[in-house]
Amino acid sequence: MWNFIKNREPNIHMKRLFEPFLSYRHFRTRAVDRQNTSSTGLYGFDHLKSPKGFQRFVDEAIERSSELIDYISGMPSSAEIIRAMDEISDTVCSVVDSAELCRQTHPARGFVEEAIKASMKINVYLHFLNTNHTLYNAVKKAEQDGHLLTEEARRAALHLHIDFEKGGIHLPCGKLDRVNQLNMDAHKLCREYGENIINDPGYVDIFPASRIPRQIQHLLKPIYRLTSGVSKESLGSYEDEQEKGFRIITEPRTLFSVLQLTPDEQVRKMAYLKGSSVPHANHEVLDKLINSRHELAQIMGCKSYAEFVMQLNMASSPEVVVSFLQEMSNMVKEKADEEFNTIRNLKRDVCGQRCVDLEPWDEAYYTTMMKSSAYNLDSAVVASYFSLPQCIEGLKLLVKSLFGASFDSVPMAPGESWHPDVLKMCIHHPEEGDLGFLYLDLFSRKGKYPGCATFAIKGGRKISETEYQLPVMALVFNFSRSHDSSIVRLNHSELETLFHEFGHALHALLSRTDYQHFAGTRVALDFAETPSNLFEYYARDYRVLKKFARHYSTGEVIPEKLVKSLNGARDMFAATELQRQIFYALVDQTLFGEQLSVPRDTNSIVAHLKRQHSNEKHVEGTHMHIRFSHFLTYGAGYYSYLYAKCFAATIWKKLCQEDPLSPTTGTLLRTKLLQYGGAKEPADLLTDLVGDGIVRYHNGGIVPDVTSCLEELKLLDDKNRHIGK
């Protein structure tokens with residue numbers, strides 16, 4: 001059960017026979033009540049009116065779960081066992097998810113500290129749940145019972161059984177204790193890894209300020225140093241003058257802007273080297289995590305951690321994944337080589353023959369230059385059509401056109417929000433009523449989670465024949481407020497990210513599963529990114545963009561020519577970008593794959609794979625793997641992004657491309673895909689949605705058909721065509 005719950009972070013057609021015993025008095029969030037304006041706590045939980053409220057929140061979750069365990073020990077009907085198990089999960093997840101969101105976003109240190117304490121306490125309790133044989137035996141009884149009333153109930157019993165055994169409950173006492181310790185160690189190491197990235201992002205100081213382009217100066221910190229200058233000659237003395245410079249904090253977002261837009265190669269080099277070599281402490285953290293996960297897998301009878309985590313994934317085995325990745329790598333290599341030579345030749349044209357090679361800190365700069373030149377793109381002009389309020393209108397457009405629902409801001413009760421900038425939105429259907437709630441935390445601020453992510457607060461679940469617990473989610477972004485403008489404007493990449501995360505949110509908000517165990521994104525890992533990748537297409541389609549993308553001052557609709565240029569520029573180096581993602585996925589598989597030598601030299605592994613599957617030169621002293629947090633959250637699952645890219649390409653081509661905003665399209669997406677969450681097998685959902693030809697069966701596992709993806713990127717030639725099917 002721990003394995004089920006811990007992976008839900010930064011996501012029954014029967015009468016309730018044991019009513020009123022299963023009371024929801026403690027964990028019903030007021031976020032589902034739009035009429036109540038009395039004060040509440042964070043996210044609508046009454047306990048969270050103050051930092052200390054987290055203590056009572058945890059205590060009542062444990063009390064309630066203990067009541068449910070006592071109930072289950074009486075071995076009621078199998079259907080009741082699964083419902084009670086799901087309530088335990090829902091109760092505990094309320095604490096886990098709320099504490100995680102608070103820890104990552106709340107500006108008040110007191111709340112953050114109490115959220116951390118709550119997280120630690122509930123994690124200890126999770127280990128108790130995962131070793132509870134009363135629950136384990138009850139789940140086995142339910143699974144063996146042929147009288148469970150629904151397919152989803154049977155699937156829930158199977159998944160709970162597997163989750164328990166992934167936690168080691170079936171092992172002898174000594175081995176089980178070791179599994180518990182390794183899980184706790186891994187949890188601590190993952191948190192330490194993330195904290196190191198935030199606390200040690202690295203920096204370089206650049207003088208004079210003129211070496212930094214004006215369009216990115218607002219991202220950097222002005223600094224000053226003293227220089228000596230001659231004062232008025234009549235005084236015959238000297239005085240100190242200040243020279244202005246900039247400190248580049250080499251966190252990924254800022255670093256990418258510097259690499260893209262800075263003409264000074266030495267500035268790019270210094271920023272790249274620093275940003276690719278910190279935080280040093282994560283070398284040891286990652287090594288320990290790899291060893292802990294490997295030992296865990298071996299105790300569980302698996303050759304590797306990658307094999308251990310694949311059990312409920314479509315791929316089913318590391319061999320299937322690696323074969324798929326190597327096949328894709330071979331398919332894109334020739335085109336990626338051509339692109340690399342094109343970029344290198346441009347550098348030589350610009351810099352002269354003294355520039356022999358293309359360095360890793362050059363690619364983003366010269367590809368940006370080529371895209372801007374080929375398509376006459378000006379980033380400021382592009383952003384002028386994507387003011388943040390208009391982009392939110394774009395989200396409303398999707399909800400209205402596809403699903404016939406509204407997506408509007410609703411008031412929050414006093415105490416519900418964690419920052420004045422946060423918005424609360426509701427998806428409301430004219431016939432079905434409210435479908436779910438979404439908090440938007442859009443702007444960057446000190447101490448906040450540095451990336452873009454979707455956080456769960458409440459999963460949807462059926463409470464009775466007449467009542468459904470509505471899903472509650474939060475989208476967290478870090479859009480920058482420019483110093484010289486009151487209107488926040490996004491670049492096109494940021495718009496795609498907004499639509500990507502909204503795809504995750506829609507998956508959660510529109511699912512209608514009986515159990516929160518399967519709500520929304522609680523699906524097989526290599527299926528989870530499919531809806532989010534699909535909704536990126538809506539951020540690139542002119543038929544969609546023309547309905548909301550307007551110039552922030554003139555109101556002019558975005559020109560079709562500009563959208564074509566954006567898409568053309570995006571696809572210019574498609575093979576290089578795809579090759580990069582394949583490389584990342586192979587690093588992930590190798591780090592957590594079968595260990596032929598111990599200790600493992602992760603630096604050598606990364607360097608070797610880069611030489612095999614990338615044209616980018618490996619620079620000694622750089623270590624991309626020590627701040628690539630997806631290797632932790634997606635351990636041995638980063639390939640999921642490539643699966644999703646292929647699935648989404650096929651769905652778009654076969655279902656959405658002809659008329660992307662058609663209500664018919666929206667109905668199919670909702671009723672055949674989104675509403676089921678994880679309640680059905682992903683391959684069955686995909687095939688039911690678009691027909692045959694979206695998945696392939698390979699060596700006992702499932703891989704995507706790559707044809708639509710490679711055709712879209714113009715990477716499929718006659719030589720590759722037979723491989724893609």
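Our structure is the block above this text.
Residues numbered from 1 in each chain as written. Predicted model: local features only at pLDDT ≥ 70, side-chain atom pairs only at ≥ 80, totals over all residues. Heavy atoms only, no water.

Trainee: Account for the overall build of the protein chain, with residues named and values stated.
Mentor: Scanning the protein chain from N- to C-terminus turns up 27 helices and 12 strands. In terms of overall dimensions, the protein chain is globule-like: its C-alpha atoms have a radius of gyration of 26 Å, near the 27 Å expected for 725 residues. Dimensions of the protein chain, computed from C-alpha atoms along their principal axes, come out at roughly 95 × 60 × 55 Å. Per-residue burial for the protein chain yields a buried fraction of 58% across its 725 residues. Summing over all exposed atoms, the protein chain offers an accessible surface of approximately 29,600 Å²; the carbon and sulfur share of this is 50%. (Helix = DSSP H or I, 4+ residues; strand = E, 2+ residues; numbered from the N terminus. Rg over C-alpha atoms; globule rule 2.2 N^0.38 Å. Buried < 20%, exposed > 50% of the residue type's maximum accessible area, 1.4 Å probe, protein only. Areas by Shrake-Rupley, 256 points an atom, 1.4 Å probe, with all protein chains shown as cover.)

Trainee: Tell me about the packing of aromatic side chains, residues and numbers included.
Mentor: For the structure on display, the rule yields 27 aromatic pairs. For the ring pair Tyr-125 and Phe-128, a centre distance of 5.4 Å and an interplane angle of 35° mean the geometry is tilted. Of this pair, Tyr-125 and Phe-128 both sit in helix α4 (residues 109–130), three residues apart, roughly one helical turn. Geometrically, the ring pair formed by Phe-535 and Tyr-538 is stacked, given 5.3 Å between the ring centres and 25° between the ring planes. Note on accessibility: Phe-535 and Tyr-538 belong to one class, buried. The structure contains a cluster of three or more aromatic residues connected by ring pairs, namely Phe-583, Tyr-584, Phe-628, Phe-631, Tyr-634, Tyr-638 and Tyr-641. Across from the ring centre of Phe-308, 5.3 Å away, lies the NZ or CZ of Lys-166, which sits over that ring. Of note, Arg-247 hangs over the ring of Tyr-203, and the distance from its end group to the ring centre comes to 4.0 Å. (Phe/Tyr/Trp six-rings, centres within 6.5 Å; stacked < 30°, edge-to-face > 60°. Lys NZ or Arg CZ within 6 Å of the ring centre and 35° of its normal.)

Trainee: Explain the state of the cysteines to me, using residue names and the numbers behind them.
Mentor: This structure, assessed with the given rule, holds zero disulfides. Unpaired in terms of disulfides, Cys-302 finds its nearest cysteine sulfur in Cys-190, a separation of 18 Å. (Disulfide = S-S within 2.5 Å.)

Trainee: Help me get a handle on the sheet that holds strand β5 (residues 423–429), residues and values and all.
Mentor: Strands sit in the order β4-β5-β6-β10-β7 across an open sheet of five strands; the sheet is mixed. The sheet is open, and its two borders are formed by β4 (406–409) and β7 (453–458), each paired with just one other strand. Looking at each pair of strands side by side, their axes are set apart by 25° on average, direction ignored. Here β5 runs beside strand β6 (residues 433–443); their pairing, made up of seven bridges, is antiparallel. Each residue of the ladder has a partner; that of His-428, found in β6, is Asp-434. (Pairing = 2+ DSSP bridges. Axes fitted to C-alpha atoms, helices over the stretch in contact; angles between N-to-C directions.)

Trainee: Break down the nonpolar core for me, citing the residues and quoting the values.
Mentor: Grouped together as the largest cluster of nonpolar side chains are 139 residues, with contacts concentrated most on Phe-386, Tyr-538 and Ile-651. Once residues within four sequence positions are removed from consideration, Phe-386 is found in contact with Cys-391, Val-488, Arg-489, Leu-490, His-492, Leu-495, Leu-545, Ala-549, Ile-558 and Leu-566. Listed in part, the 61 residues of the second largest apolar core include Phe-45, Ala-79, Ala-157 and Ala-453. (Core = buried A, V, L, I, M, F, W, Y, C linked by side-chain atoms within 4.5 Å. Contact = heavy atoms within 4.5 Å.)

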